[in-house]
Amino acid sequence: MIILEIDAGNTRIKWRVLDSNTTINSAATFALTDSPALSPEFCEQIEALQQTNISAIRVSNVRGQAFSSELSKFCEKLFAISPEQAVVSAEQFGVKNAYSDASTLGVDRWLAMLAAFQAGQQTGKQGVCVVDCGSAITVDIIDAEGRHQGGYIVPGLHLMQKSLDENTANLPYQPVAGNDMSPGANTTVAINHGVRIMIIGMLEKLYSDWGEGFHWYLCGGDAEYLSSCLGWPHTVKTDLVLDGLV
């Protein structure tokens, strides 16, 4: 069975093709910000799969109903298949949602939690902490019994930096590579290092509170980068949301 999986996030759209749970093709493209339209690059990538004998399509979508409708029409036209849309529930696969209204939890967070908990159970019965490093950085905590303890949401690295650029007159944003967090000797470096230290400081605080007995997973576009800034044990699984679709 060949399955197309799509993770439509706020900034990027990732997809992969699975054959018996083995990835045989994958890619990512930037989404059209605040638009329900499908980006031309994404359309080209998916159109190239027409000869792949896709038999099912699974979708994680946080871009809204209008985008979901456009994506469904596109997939139905190409493959004559209606995509299956992942939804959040109060309890699934051993994980109990902490939200009183389960539907208000982001489906990407829910899928990442399901995948991380399953992975944690396979490595030994323990709790898991999931850090999704995307446009927003989210942290969700699930104990060894599968009880979601709740989570945290803060702006991501680039969103924080851009907010200074867009909402102040003299603090322009220019990305600076590396994981240095020493005091900046110019405004650009001060912004980049300041944002880094804010996010790492939050994660260090959470690790000091929840680190013992929990396995930490990082996913999302900035997972590899943030991983390089952390000094404690964790696992980078950039496709955790897609893993949750499985």
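Conventions adopted
Numbering of residues starts from 1 in each chain and follows the order in which that chain's sequence is written. Local features in this predicted model are restricted to residues whose pLDDT is 70 or higher, and side-chain atom pairs enter the listing and the counts only when it is 80 or higher, whereas totals over whole chains, interfaces and linings include all residues. Working from all heavy atoms in the structure, the side-chain values ignore hydrogens and water. Under the DSSP-based scheme used, a helix requires at least four consecutive residues in state H or I and a strand at least two consecutive residues in state E, with every element numbered from the N terminus. Each residue is placed in one exposure class: buried if its accessible area under a 1.4 Å probe, protein chains only, is under 20% of its type's maximum, exposed if it is over 50%, and partly exposed if it falls in between. In what follows, residue pairs with any heavy atoms lying within 4.5 Å of each other are defined as contacts. Where accessible areas are quoted, they stem from the Shrake-Rupley method and a 1.4 Å probe; at the residue level, only the protein chains shown are allowed to cover. A 3.5 Å cut-off defines polar contacts: any pair of N or O atoms within that distance qualifies, except that in protein one atom must be a possible hydrogen donor and the other a possible acceptor, and neighbouring residues in sequence count only when both atoms are side-chain atoms. Pairing of aromatic rings covers Phe, Tyr and Trp, the last through its six-membered ring, and needs centres within 6.5 Å; plane angles under 30 degrees mean stacked, over 60 mean edge-to-face, and all others mean tilted. Counted as over-ring charges are cases with an Arg CZ or a Lys NZ within 6 Å of the ring centre that also lie within 35 degrees of the ring normal. In short, DSSP must find at least two bridges between two strands for them to pair. Each axis is a line fitted through C-alpha atoms, and for a helix only the stretch in contact is used; angles between axes span 0 to 180 degrees, taken between their N-to-C directions. By the definition adopted for this analysis, an angle is roughly parallel if under 35 degrees, roughly antiparallel if over 145, roughly perpendicular if from 65 to 115, and oblique otherwise. Left-handed describes a crossing whose near helix is turned anticlockwise from the far helix through less than a right angle; right-handed describes the clockwise counterpart. Ten residue types, Ala, Val, Leu, Ile, Met, Phe, Trp, Tyr, Cys and Pro, are classed as nonpolar, four, Asp, Glu, Lys and Arg, as charged, and the remainder, Gly among them, as polar. Residues counted as positive are Lys and Arg, residues counted as negative are Asp and Glu, and His and the chain ends are not counted. Any carboxyl oxygen of Asp or Glu within 4 Å of a side-chain nitrogen of Lys or Arg constitutes a salt bridge here.

A.B. asks: Looking at this model, I keep getting lost on the overall build of the protein chain. Mind explaining?
C.D. replies: Counting secondary structure elements, the protein chain contains seven helices and 12 strands. A buried classification covers 46% of the 246 residues belonging to the protein chain. Across the protein chain, the fraction of contacts at a sequence separation of at least 24, relative to all contacts at a separation of at least 6, is 53%. Surface summary for the protein chain: the accessible area is close to 11,900 Å², and the carbon and sulfur share equals 51%.

A.B. asks: Any chance you could explain the side chain of arginine 58 here in plain terms?
C.D. replies: By the secondary structure assignment, arginine 58 is in strand β4 (residues 56-61). Only 2.7 Å separates the side chain of arginine 58 from the side chain of glutamate 5, close enough to count as a polar contact. Not counting residues within four places of it along the chain, the set of residues in contact with arginine 58 comprises Ile3, Leu4, Glu5, Ile6, Leu18, Glu84, Leu245 and Val246.

A.B. asks: Can you walk me through the packing of aromatic side chains in this structure?
C.D. replies: How two aromatic rings sit relative to each other is given by the distance of their centres and the angle of their planes. The full count for this structure, using the stated rule, is five aromatic pairs. For the ring pair tryptophan 210 and phenylalanine 214, a centre distance of 5.6 Å and an interplane angle of 90 degrees mean the geometry is edge-to-face. Residue class for tryptophan 210 comes out partly exposed when judged on its relative accessible area of 27%. Site record: aromatic cluster; members linked through ring pairs are Tyr207, Trp216 and Trp232. Positioned over the ring face of phenylalanine 67 is arginine 63, at 5.4 Å from the centre of the ring.

A.B. asks: In this structure, what is going on with the sheet that holds strand β1 (residues 2-8)? I would like to understand it.
C.D. replies: Strands belonging to one sheet form pairs held by backbone hydrogen bonds; the direction of such a pair is parallel or antiparallel. Taken in spatial order, the five strands make up an open sheet running β3-β2-β1-β4-β5, and their pairing is mixed. Every interior strand has two partners, whereas the edge strands, β3 (22-30) and β5 (84-85), have only one. Where strand β2 (residues 12-19) meets β3, eight bridges bridge the pair, whose relative direction is antiparallel. Following the sheet pairing, valine 17 is matched in β3 by asparagine 25. Along the sheet, helix α1 (residues 40-47) makes contact with β1, β2 and β3, crossing β3 at roughly 160 degrees. Contacts from helix α2 (residues 65-79) reach β1, β2, β4 and β5 within the one sheet, and its direction differs from that of β4 by about 165 degrees.

A.B. asks: Where do I start with the packing of helix α4 (residues 157-167) against helix α5 (residues 187-210) in this structure?
C.D. replies: Relative orientation and spacing of two packed helices are given, respectively, by the angle between their axes and the distance between those axes. Interhelical geometry of α4 versus α5 gives an angle of 135 degrees and a closest axis separation of 10 Å. When the axes of α4 and α5 are compared, the pair comes out oblique. Here α4 runs over α5; the crossing is right-handed. Two secondary-structure elements touch here, α4 through Leu157, Met160, Gln161 and Leu164 and α5 through Ile191, Asn192, Val195, Arg196, Met198 and Ile199. Taken together, the residues of the contact of α4 with α5 break down into seven nonpolar, two polar and one charged.

A.B. asks: What exactly am I supposed to notice about the sheet that holds strand β12 (residues 235-236) here?
C.D. replies: Pairing in this open sheet of five strands is mixed, and the strands run β10-β9-β8-β11-β12 from one edge to the other. Edge strands, defined here as strands with exactly one partner in the open sheet, are β10 (148-155) and β12. As paired strands, strand β8 (residues 127-133) and strand β11 (residues 214-219) are joined by six bridges and run parallel to one another. From the neighbouring strand, valine 130 faces β11, where its bridge partner is tyrosine 217. Of the strands in this sheet, β8, β9 (136-142), β10 and β11 touch α5, which is tilted by about 0 degrees from β9.

A.B. asks: How should I be thinking about the side chain of aspartate 222 in this particular structure?
C.D. replies: If you trace the backbone, aspartate 222 turns up in the loop between β11 and α6 (223-229). Of the side chains with opposite charge, arginine 12 lies nearest to the buried aspartate 222, which makes no salt bridge, at 8.0 Å.

A.B. asks: Got a minute to help me understand the packing of α1 against α2 in this structure?
C.D. replies: Remark: α1 packs on α2, axes separated minimally by 11 Å, with the N-to-C direction vectors making an angle of 30 degrees. Compared by their axis directions, α1 and α2 come out roughly parallel. In this structure, α1 crosses over α2, and the sense of that crossing is right-handed. For the pair α1 and α2, contact is made by Phe42, Cys43, Ile46 and Glu47 and by Leu71, Phe74, Leu78 and Phe79, respectively. Each residue belonging to the contact of α1 with α2 can be placed in one class, and the counts come to seven nonpolar, no polar and one charged.

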